[in-house]
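Structure at a glance
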Amino acid sequence: MSNFELSGSQSYIPQRSTTLLSSPAGQFLVKFWGVRGLIPTPSDNTSRYGGNTPCVEMHVAGKRLIFDGGTGLRILGKTWQEVQEPLEAHLFFTNSQSNRIQGFPFFAPAFIPENCFHLYGTAASNSASIKQCLYDQMLQPHFPYPLQLMQSELQFYNLTPESDVKLDDVIITTALINQTQRSVGYRVTWQEYSVAYVTDLHQNAEQVERERILQFVEGVDLLIANATYTPPTSHDHDSADLLWQVAVNVALSAGVGRLVISHHHPDDHDDFLDKVQADVKSAFPEALLAHEGLVLVVGH
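Small disclaimer: the values here were computed from a predicted structure and weren't measured. (Residues numbered from 1 in each chain as written. Predicted model: local features only at pLDDT ≥ 70, side-chain atom pairs only at ≥ 80, totals over all residues. Heavy atoms only, no water.)

Side note on helix H1 (residues 72-80)
Counting buried residues along H1, seven of its nine residues qualify, which places the element largely inside the surrounding structure. Looking only at H1, the buried set comprises Gly 72, Leu 73, Ile 75, Leu 76, Gly 77, Thr 79 and Trp 80. Of the surrounding elements, those touching the buried residues of H1 are strand S2 (28-34), strand S3 (55-60), strand S4 (63-67), strand S5 (88-92) and strand S6 (116-121). (Buried < 20%, exposed > 50% of the residue type's maximum accessible area, 1.4 Å probe, protein only. Helix = DSSP H or I, 4+ residues; strand = E, 2+ residues; numbered from the N terminus. Contact = heavy atoms within 4.5 Å.)

Here's what the structure looks like:
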C-alpha cells in the first residue's frame, strides 16, 4: 500500500474546489485546481471533472508550492484572499505554453503588496525566460494590465533541467521530460516522501528519454502525469486506451505508489472519463483520474 490516502471521499463535490487548503504540521497535501489540457472547457459535460487548465497546489513542511498557472490558478487565488496575513509561495511552471501560464494575469494575490511569490521556469523553445513569457502575455492588445501593476514581490528564477531547488528540508528536483516542448518535470521530496509532477509524456519518446523519465520518478509515493498527448483536431474516443497507457507503463516500470492522471483532453466529457478511469484502474489499481477539488494526503 502506498504512503498516501484520499482526504475524504473521492466523490466530486463542487464546493471543495474553492476551499482553502491548510496543512497540519507533519502532513504533505496535494490539491488539484485545474485538470484540463490545452484549453479551458466549461460546460455541463465537464462539471464533475472540471474545465480549468492545469494548476496543482502542494502544502509541505509549511511551504506553499504551486505547479503550473493555468486558469485553475485564478480559483486558487480567490481562496488565498481569505488568508489574513502576508503570503509567500513558490510557483513552478513546466513550460510556457498558454495553458500553463494563462491564469497568472488573474492571480489576485499577486496584486497585493504584502505578498511574495517565487516563480521558476526554464527557457522556452524561442529562448525566452519564464519572466519574459509571463510579461509578454500581459501586454496590449492581449491583456489590459501589464505585469508591473502586480504589487507583490515577484522573484524570478531561471531553471535548467537536473537542477535542484532547496527550501529548507523540501527539495524540488527538475528533469527534461519533453525535448520538443522544452517541458520539465518536478520531483518534490520531503523526509521519506516524494511526489513527481510529470505532465508532458508522449508516446514516441526515444529510449534515452524514457530511461531518464523512469529514473526521475522511480519509487515516488505519487506520480501526477498526463494522458498521451493528442492534437485537438484528431481526438478519437474509440481508442481510449491510447490516452493513458503511456502513463500507466511509466508507473508500473518505475514502481510508483500511486498514479493520478490529469490534463484531460478538451473533448473528454465526464461520462467518457468515468469509463477511462475504470479502464485505468483495471490496469493499475492504485490509479485515478484527477478532478478539480481532489485532495490527497501523502505520508502519514
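Observations concerning the pattern of salt bridges
Inspection of the entire model under this criterion finds seven salt bridges. Note that Lys 63 and Asp 168 form a salt bridge whose closest N and O atoms lie 2.8 Å from each other. A residue pair is termed long-range when its members are at least 10 positions apart, and Lys 63 in strand S4 and Asp 168 in the loop between strand S8 (164-167) and strand S9 (170-178) qualify at 105 residues. Judged by relative accessible area, which is 17%, Lys 63 ranks as buried. Judged by its relative accessible area of 66%, Asp 168 falls in the exposed class. Arg 258 is the partner of Glu 286 in a salt bridge, and the nearest nitrogen-oxygen pair spans 3.6 Å. Here the residue Glu 286 occupies a position in the loop between helix H6 (270-283) and strand S14 (287-289), and Arg 258 occupies one in strand S13 (residues 258-262), the gap between them amounting to 28 residues. (Salt bridge = Lys/Arg side-chain N within 4 Å of Asp/Glu carboxyl O.)

Quick word on the environment of Gln 191
As for its placement among the helices and strands, Gln 191 is situated in the loop between strand S10 (183-190) and strand S11 (193-198). A residue is classified by how much of its surface remains accessible, and Gln 191, at 48% relative accessible area, is partly exposed. Spatially, the C-alpha atoms of Gln 191 and Asp 169 are 7.5 Å apart, while their sequence positions differ by 22 residues.

Notes on the packing of aromatic side chains
Applying the stated criterion across every chain, the model contains twelve aromatic pairs. Measuring from centroid to centroid gives 4.3 Å for Phe 92 and Tyr 120, while their planes differ by 10°, and the two rings are stacked. Remark: Tyr 120 occurs in strand S6 and Phe 92 occurs in strand S5; sequence separation between them is 28 residues. Taken as a pair, Phe 92 and Tyr 120 share a single burial class, namely buried. By way of ring pairs, the aromatic residues Phe 67, Phe 92, Tyr 120, Tyr 157, Tyr 186 and Tyr 197 are connected into one cluster. (Phe/Tyr/Trp six-rings, centres within 6.5 Å; stacked < 30°, edge-to-face > 60°.)

Some words on the side chain of Asn 115
Topologically, Asn 115 is positioned in the loop between helix H2 (98-101) and S6. Within the local environment of Asn 115, its side chain forms a polar contact with the backbone nitrogen of Leu 87, the two atoms lying 2.8 Å apart. Looking at Asn 115, its side chain comes within polar contact range of the main-chain oxygen of Pro 109, at 2.9 Å. Ignoring any residue separated from it by four or fewer positions in sequence, one finds Asn 115 in contact with Glu 85, Pro 86, Leu 87, Pro 109, Ser 152 and Glu 153. (Polar contact = N/O pair within 3.5 Å; in protein donor to acceptor, adjacent residues only side chain to side chain.)

Notes on H6
The terminal C-alpha atoms of H6 lie 20 Å apart, and with 14 residues this matches the ideal 20 Å at 1.5 Å per residue to within 8%. Along H6, the positions that sit buried rather than exposed are Asp 270, Phe 272, Leu 273, Val 276, Gln 277 and Val 280. Summarising the axial view, the buried residues of H6 lie within an arc of 145°, below the 170-degree limit, and thus occupy one face. Facing away from the buried side of H6, by more than 90 degrees, are the exposed residues Asp 271 and Ser 282. (Expected span 1.5 Å × (residues − 1). Arc of directions from axis to C-beta.)

Looking at the pairing of S9
Counting buried residues in S9 gives seven out of nine residues, a clear majority hidden from the surface. Taken together, the four bridges between S8 and S9 define a ladder with antiparallel strand orientation. Within S9, the position partnered with Lys 166 by the bridge is Ile 171. Where S8 folds back onto S9 in an antiparallel hairpin, the turn is made up of two residues, including Asp 168, whose phi is positive at roughly 55°. (Pairing = 2+ DSSP bridges.)

Brief notes about unusual backbone geometry
In the segment running from Gln 140 into Pro 141, the intervening peptide bond is cis, with an omega of 5°. Note that Pro 141 resides in the loop between helix H3 (130-136) and strand S7 (153-158). The backbone of Arg 182 sits at a positive phi, close to 55°, despite the residue not being glycine.

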